[in-house]
Amino acid sequence: MRERRLLVCSDVPTFGRGIKRLMSGFQVVAADLGEVDVAGFEVVVWHQKTPPLNHRLRHLAVIVPTVAVTDESALIEAVEMGCRGFVGSHASLEETATAIATVARGEAYVPPLMLGSLLRHIVEKQRAIEATPGIDELTTREREVFDLASGGSSRADIAERLFISQGTVRSHLQSVYKKIGVHTQAELIALASGARNEHE
Amino acid sequence: MSTSDPERAPLPKRKGEVWRESKDEAVAIYEPDHDGLHLLNGSALAIWELSDGSTSIDEMAHAISELTSIDMSDARRDVESALRTLSDLGLIE
């Protein structure tokens, strides 16, 4: 069986060594994002002071906060980015390894005791979006496109996720814009974000 | 709690005063009506926490589906199963 590849981006050398010791069955590479091609890895572990901004990390990252932010806000930020895994700043290496293995299987990992507050956040966000004027007029497919586009996904990302062409995505987006009353994806994102913030 | 008709089903609401203490990956919930103490894992605890009397089963399922990328129908089945368990334990109305 092909060995899975795991990229560890960490400010702390011992962290990478600890992960390497625990992750049998993975080829573990410790490097900065700029030094390697992310596409060659099944999972990226982000363990740095600043949050990852690289959208190529979506759906394959495990975030391990290192600084004194509240774990809950870091968790919500990570999930909003589309990251698939998160562990708290005080998580053990063993829990981090569990999160990595879970994400490598294509599943999501959230610390069990933080799941409730995260789901509450998602419920509140959905309620705010449902209050957006025109949202009821979207077809099922347009709504799927809306959900992805308002979350910041590119046209190519949306096409890949929904198994449709970029031209079809463009067509759906035009219809969504018209029904919602915006002209660009940036406006769509701002509108959805505004609805979320207003609700919060 | 009946979930056979989603339109008419009461919104699940966790019951009264509880006492909790984190223990590994589980939380102990005290249910005073029957003097019961129950250990809930993370998933069950999350559904219990969402059961505030104003959140529907569909909203819970949608949130889980969005987070985990599982089908909405599967998420709904999981939520209903968890709610049945919580109801049997006397932890939701």
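Small disclaimer: the values here were computed from a predicted structure and weren't measured. (Residues numbered from 1 in each chain as written. Chains lettered and ligands numbered in written order. Predicted model: local features only at pLDDT ≥ 70, side-chain atom pairs only at ≥ 80, totals over all residues.)

Across its full length, chain A carries eight helices and five strands. Here chain A has a C-alpha radius of gyration of 18 Å; the compact-globule value for 200 residues is 16 Å, and the two agree. Dimensions of chain A, computed from C-alpha atoms along their principal axes, come out at roughly 55 × 35 × 25 Å. By the burial criterion, 32% of the 200 residues in chain A qualify as buried. (Helix = DSSP H or I, 4+ residues; strand = E, 2+ residues; numbered from the N terminus. Rg over C-alpha atoms; globule rule 2.2 N^0.38 Å. Buried ≥ 20, exposed ≤ 12 C-beta atoms within 10 Å, placed from the backbone.)

Our next topic: the sheet that holds strand 1 (residues 4-10) of chain A. All names here are of chain A. Taken in spatial order, the five strands of this open sheet run 2-1-3-4-5, and their pairing is parallel. Lying at the two open borders of the sheet, with one neighbouring strand each, are strand 2 (26-30) and strand 5 (85-86). Sheet topology note: the strand 1/strand 2 ladder contains five bridges and is parallel. Of the residues in strand 2, the one forming a bridge with Val8 is Ala30. Each of strand 1, strand 2 and strand 3 (43-47) is contacted by helix 1 (residues 13-22), which is oriented at about 160° to strand 1, the strand it contacts most. (Pairing = 2+ DSSP bridges. Contact = placed C-beta atoms within 7 Å. Axes fitted to C-alpha atoms, helices over the stretch in contact; angles between N-to-C directions.)

Among the seven residues in strand 1 of chain A, five count as buried, and that is most of the element. For the segment spanning strand 1 of chain A, helix 1 of chain A and strand 2 of chain A, crossover handedness is right-handed. (Right-handed = clockwise from strand over helix to strand, strands pointing away.)

Residue and element names in this part refer to chain A. The complete set of buried residues in helix 5 (residues 140-150) reads Val145, Phe146, Ala149 and Ser150. Looking down the long axis of helix 5, one finds its buried residues gathered within 115° of arc, a one-sided arrangement. At the C-terminal side of helix 5, Gly152 shows a positive phi close to 100°. (Arc of directions from axis to C-beta.)

What follows is about the nonpolar core. Residues and elements named next belong to chain A. The biggest cluster of nonpolar side chains holds 60 residues, and the ones touching the most others in it are Val45 and Ile100. Sequence-distant contacts of Val45, defined by excluding residues within four places in its chain, comprise Leu6, Val8, Cys9, Ile19, Val62, Val64 and Ile100. Counting residues in each nonpolar core, the second largest holds ten residues, with Phe146, Ile158, Val176 and Ile180 among its members. (Core = buried A, V, L, I, M, F, W, Y, C linked by C-beta atoms within 7 Å.)

Tallying the contact residues gives 19 residues for chain B and 13 residues for chain A. Only helix 1 (42-50) and helix 2 (57-68) of chain B provide two or more residues apiece to the side of chain B that touches chain A. Tallying contributions element by element places helix 2 of chain B first for the side of chain B that touches chain A, with eight residues. Here the residues of the side of chain B that touches chain A are counted per class, giving eight nonpolar, seven polar and four charged. (Nonpolar A, V, L, I, M, F, W, Y, C, P; charged D, E, K, R; others polar.)

What follows deals with the environment of Lys179(A). All names here are of chain A. Structurally, Lys179 can be placed in helix 7 (residues 166-180). The class for Lys179 is partly exposed, based on 17 C-beta atoms found within 10 Å. Leave out the neighbours within four places in its chain, and Lys179 touches Gly134, Glu137 and Leu138.

For the rest of this paragraph, the subject is the domain arrangement of chain A. Split by domain assignment, chain A resolves into domain 1 (4-114) and domain 2 (131-199). Placing the centre of domain 1 of chain A and that of domain 2 of chain A at their C-alpha centroids yields a distance of 29 Å. (Domains from an automatic or database assignment.)

Residues with a pLDDT of 70 or more make up 91% of chain A, whose mean pLDDT is 85. Mean pLDDT across the elements of chain A bottoms out in helix 8 (residues 185-199) of chain A (70) and peaks in helix 7 of chain A (95). (pLDDT = per-residue confidence, 0-100.)

With that out of the way, let us pick up the pairing of strand 3 (residues 36-40) of chain B. For strand 2 (residues 26-31) of chain B and strand 3 of chain B, the ladder comprises five bridges, and the chain directions are antiparallel. Paired with Ile29(B) across the bridge in strand 3 of chain B is His38(B).

Looking now at helix 3 (residues 72-88) of chain B. Residue and element names in this part refer to chain B. Across its 17 residues, helix 3 extends 24 Å between first and last C-alpha, which sits within 8% of the 24 Å expected from 1.5 Å per residue. Of all the residues in helix 3, the buried ones are Ala75, Val79, Glu80, Ala82, Leu83 and Leu86. All buried residues of helix 3 fall inside an arc of 165° around its axis, so they share one side. Residues of helix 3 that are exposed and angled more than 90 degrees away from the buried face: Ser73, Ser81 and Asp88. Where helix 3 is buried, its residues contact helix 1 and helix 2. Looking at the residues trailing helix 3, positive phi occurs at Gly90, about 80°. (Expected span 1.5 Å × (residues − 1).)

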